[in-house]
Amino acid sequence: MGLLDWIVIGIFALALIGIIAWVFMQKEETSGDYFLAGRGATWIAIGASIFASNIGSEHLIGLAGAGASSGMAMAHWEIQGWMILVLGWVFVPFYSRSMVTTMPEFLERRYNKESRTILSMISLVSYVLTKVAVTVYAGGLVFKEVFGIETMWGIDFFWISAIGLVLLTAIYTVIGGMKSVLYTSVLQTPILLLGSIIIVVLGLRALGGWDEMMRIASSVEVNEYGDSMTNLIRSNRDADFPWLGVFIGSAVIGFWYWCTDQFIVQRVLSGRDETQARRGTIFGAYLKLTPVFLFMIPGMIAFAMAQKGIVINGETFALSSSDAAFPTLVATLLPAGVKGLVVCGILAALMSSLASLFNSSAMLFTIDFYKKYRPQASERRLLHVGRVATVVVVVLGILWIPVMRSIGSVLYTYLQDVQSVLAPGIAAAFLLGVASSKPTPKGGMWGMIAGFIIGVFRIGAKVFYTTMANGAGYADVKLWASEAGVNNWFYTLFYDVNWLFFSGGMLAFSILVIIVVSRFTQAAPKLQLEGLTFSSATDLQKSATRASWNKWDVIHTVIILGITVAFYIYFW
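Notes on the structure in this doc start here.

Here we take up the overall build of the protein. Across its full length, the protein carries 24 helices and four strands. Radius of gyration (C-alpha) of the protein: 24 Å, near the 25 Å computed for a compact globule of 572 residues. By principal-axis analysis of the C-alpha atoms, the protein measures approximately 75 × 65 × 50 Å. Expressed as a percentage of the 572 residues in the protein, the buried residues total 58%. Here the contacts in the protein between residues at least 6 apart in sequence split such that 83% fall between residues at least 24 apart.

Here we take up the packing of helix α14 (residues 291–308) against helix α15 (residues 325–333). Running from amino to carboxyl end, α14 crosses α15 at an angle of 70°, the nearest separation of the two axes being 9 Å. Relative to α15, α14 is oriented roughly perpendicular. Listed contacts from α15 to L294, F295, P298, G299, A302 and M305 of α14 are A325, F326, L329 and L333.

This next bit is on the packing of aromatic side chains. Overall, the coordinates contain 30 aromatic pairs when judged by the stated rule. Aromatic pair Y95 and F106: ring centres 5.2 Å apart, planes at 85°, arrangement edge-to-face. In this pair, Y95 sits in helix α6 (residues 81–98) while F106 sits in helix α7 (residues 103–110), placing the two residues 11 residues apart along the sequence. Look at Y257 and F263: their rings are 6.3 Å apart centre to centre, the planes differ by 55°, and that puts the pair in the tilted class. By relative accessible area, F263 is classed as buried at 4%. Through a chain of ring-to-ring contacts, the aromatic side chains of F457, F464, Y465, W480, W489, F490, Y491, F494, Y495 and F502 assemble into a single cluster. Above the ring of F94, the side-chain terminus of R97 is found at 5.0 Å from the ring centroid. Positioned above the aromatic ring of W89, the side-chain terminus of R278 is 5.0 Å from the ring centre.

So, on to unusual backbone geometry. Of note, M99 is a non-glycine position whose phi angle comes to about 55°, a positive value. Summarising the element assignment, M99 is placed in the loop between α6 and α7.

Interhelical geometry of helix α19 (residues 477–484) versus helix α20 (residues 489–496) gives an angle of 170° and a closest axis separation of 13 Å. With respect to their mutual orientation, α19 and α20 come out roughly antiparallel. Across the interface between the two elements, V477, K478 and A481 of α19 pack against Y491, Y495 and D496 of α20. Split by residue class, the contact of α19 with α20 holds four nonpolar, no polar and two charged.

Turning to a nonpolar patch on the surface, a few remarks are in order. Together, V388, V391, V392, V395, L396 and L399 make up a nonpolar patch on the protein surface, roughly 480 Å² of accessible area in all. Relative to the helices and strands, L396 is located in helix α17 (residues 379–435).

Pairing is possible between side chains that carry opposite charge, provided their charged atoms lie close to one another. One pass over the structure, following the stated rule, counts nine salt bridges. Where salt bridges share partners, they join E108, R116 and D368 into one cluster.

Let's shift gears to the environment of V554. Take V554: it is sitting in helix α24 (residues 551–570). Separated by 508 residues in sequence, V554 and I46 place their C-alpha atoms 19 Å apart. Dropping the residues within four chain positions of it, V554 is found in contact with W89 and W549.

Turning our attention to the nonpolar core. One finds M72, Y95, M213 and M305 to be the most contacted residues of the largest nonpolar core, which totals 143 residues. Sorting elements by how many residues they give to this core places helix α9 (residues 157–207) first, with 18 residues. Residues V421, Y465, A469 and F494 belong to the second largest nonpolar core, which totals 14 residues.

What follows concerns the side chain of D238. With respect to the helices and strands, D238 occurs in the loop between α10 (210–218) and α11 (243–260). Buried charge D238 goes without a salt bridge, the closest partner of opposite sign being R234 at 5.2 Å. At 2.7 Å, the side chain of D238 forms a polar contact with the backbone nitrogen of F241. In this structure, D238 is in contact with N223 and Y225, ignoring residues within four places of it in sequence.

So, about the environment of L165. In this fold, L165 is placed in helix α9. Residue classification places L165 among the buried positions, given a relative accessible area of 2%. Sequence-wise, L165 and E483 are 318 residues apart; in three dimensions their C-alpha atoms are separated by 46 Å. Excluding its chain neighbours within four sequence positions, the residues that come into contact with L165 are G139, L347, L350, M351 and L354.

So, about the side chain of S548. Position of S548 among the secondary structure elements: in the loop between α23 (539–546) and α24. Residue S548 is classed as buried on the basis of its relative accessible area of 7%. Of the polar contacts made by the side chain of S548, one reaches the backbone oxygen of T545; its length is 2.5 Å.

Turning our attention to α15. When you tally the buried positions in α15, you get seven out of nine residues, the bulk of the element. Taken together, the buried positions of α15 are A325, F326, P327, T328, L329, V330 and L333.

Once that is clear, we can look at α20. Restricting attention to buried positions, one finds in α20 the residues Y491, F494 and Y495. Angularly, the buried residues of α20 cover 100° about the axis, an arc narrow enough to put them on a single face. Where α20 is buried, its residues meet α18 (441–471), α19 and α21 (499–519).

Here we come to the environment of I11. Inspection of the secondary structure puts I11 in helix α1 (residues 3–25). The sequence separation of I11 and T42 amounts to 31 residues, and the corresponding C-alpha distance is 26 Å.

The rules behind each value
Counting starts from 1 at the beginning of each chain's written sequence and moves along it residue by residue. With pLDDT at 70 or above as the cut-off, local features in this predicted model cover only qualifying residues; side-chain atom pairs require 80 or more to be listed or tallied, and sums for whole chains, interfaces and linings still use all residues. Just so you know, side-chain values use all the structure's heavy atoms and leave hydrogens and water out. Counting from the N terminus, the helices are the DSSP runs of H or I reaching at least four residues and the strands are the DSSP runs of E reaching at least two. Note that the radius of gyration is over C-alpha atoms, with the globule rule given as 2.2 Å times the number of residues to the power 0.38. Three exposure classes are used, based on accessible area relative to the maximum for each residue type with a 1.4 Å probe and protein chains only: buried under 20%, partly exposed in between, and exposed over 50%. Working rule for contacts: check all heavy atoms of both residues, and any pair within 4.5 Å makes them a contact. Only the stretch in contact is used when fitting a helix axis, every axis being a line fitted to C-alpha atoms; angles between N-to-C directions are given from 0 to 180 degrees. By the definition adopted for this analysis, an angle is roughly parallel if under 35 degrees, roughly antiparallel if over 145, roughly perpendicular if from 65 to 115, and oblique otherwise. A pair of Phe, Tyr and Trp rings is counted when the ring centres sit within 6.5 Å of each other, with Trp represented by its six-membered ring. The angle between the planes then sorts it: under 30 degrees is stacked, over 60 is edge-to-face, the rest tilted. For a ring to carry a charge above it, either NZ of a lysine or CZ of an arginine must fall within 6 Å of the ring centroid while also lying within 35 degrees of the normal to the ring plane. As a working rule, the residues Ala, Val, Leu, Ile, Met, Phe, Trp, Tyr, Cys and Pro are called nonpolar, Asp, Glu, Lys and Arg charged, and the rest polar, with Gly in that last group. Each patch is assembled from residues with relative accessible area greater than 30% and no salt bridge, linking like charges that lie within 9 Å and nonpolar side chains (Val, Leu, Ile, Met, Phe, Trp, Tyr) that lie within 5 Å. For every accessible area listed, the method is Shrake-Rupley and the probe measures 1.4 Å; residues are considered covered only by the protein chains on display. The salt bridge criterion pairs a side-chain nitrogen of Lys or Arg with a carboxyl oxygen of Asp or Glu, the two atoms within 4 Å. What we call a nonpolar core is a set of buried Ala, Val, Leu, Ile, Met, Phe, Trp, Tyr and Cys residues that are connected through their side-chain atoms within 4.5 Å. We count Lys and Arg on the positive side and Asp and Glu on the negative side, and we leave His and both chain ends out. Pairs of N or O atoms within 3.5 Å make up the polar contacts considered here, provided that, within protein, one atom can donate a hydrogen while the other can accept it, and that residues adjacent in sequence are counted only when both atoms are side-chain atoms. Picture the helix axis, draw a direction to every C-beta atom, and the arc is the one those directions span.

Nothing here speaks to function; it is geometry throughout.
Written out as structure tokens, the structure is:
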């Protein structure tokens, strides 16, 4: 890092401070101002925030690393622009009509208060222990690699960068709430995009172009069925990414994440009206088409450069691990000043994700727990509790860092699995809850509980069998199981079945539970359901929704779907 790089970072920091100061001067009077920016956000702020909140450590480390190790396989999860459109076209009308502030609150309106409590607890715990922890841990690793600093003031630079990242983000989140998150995203998103584009362009130039990358990557087989790194659709017998399992699993997890997760939907709830909210999702969908090219392709470029033995500044390009792909490109390819810009982009990605997590976690606690049990609390009191809750989440995030540091990649893998097993039960409750008025309050609640219990068994089986295999000196659990004669139904169902097919099976099971329980339990009153399902929407509500979009919204939606189809055809 040269002087010019530090000057660029300094300018970025000043711009950030300017935005935060402007937000702070617009005093929040209510919890709605603090958590939903007074429901006055426009489509640009909503779309930029959706994108910036989504781009985090799993992209800077995980997605680029996946590109370097397995090629295009993980692209299914990233080319999910069409799923954000489902949020905008299908769910925004229901969320807007209900005027809810959190997703658990929507479940209470549709089902019962127990459903709200269950989703609030699951969401809050998973945010603090998975998303916050993983983002902070990975952020420390990225900056240590990019800056190339081992220690500073006698302290491991990992700790300085990780804790610094948390505190810096916490300051502006506590001060400005959702407005800070939205408007800093408007600054952070273009910097992130520009920085990543520079990496792609310089990487391809050093390698010899797009065709050279495709030639090298397509010559590397990733399984015994003839699939290469450039194949998006792989044999259904592939152990990790069978094509049918990928379509099922990515759709289930994508639906849960983009249409029902507080972390994402909160941005849409802050919209000025239904039109701005929907257009925000369309803009976010456009932006979501880019991560494959901005993060996964750099991973493939890094792999190809290492394979080809490209020499940069007198040194042969090499990767210490696949996860080091993106930081290594930053450290070796970029000239002075540009490196500072890309570091700002990385900082923007991590800060925006963390800020969104802090704000969403604090909102879940304040609205779904504190306000629920203290309904008489004043708006001033809720505002104070929201800020304190944000600080508490920050402290918990910092306290969790040593745990992440000690078990590192093992815990990282397990925590990523948590999302895949939490998603189906929640997705089933929302999907059936909006699609039909027939699911009863107890049906929706037990469908979620059933999905959660099955998910816990899946995680437990993975931890148990991995521990048993490692204890016996095996790194490969399936090899240990075959040699040790482990072939019972529990192992087969909860460990051996591919996690993508398992995710689809969990969704089907949760839906079945909702349908069966609903057959034998009391339905919700018609007044409770009004406007919350397709069949219960009034003519006036339907007319308002129809008036909220025009032909240009449809045209842009078709363009996004067309780009998605073209992407699948090219990388088939």
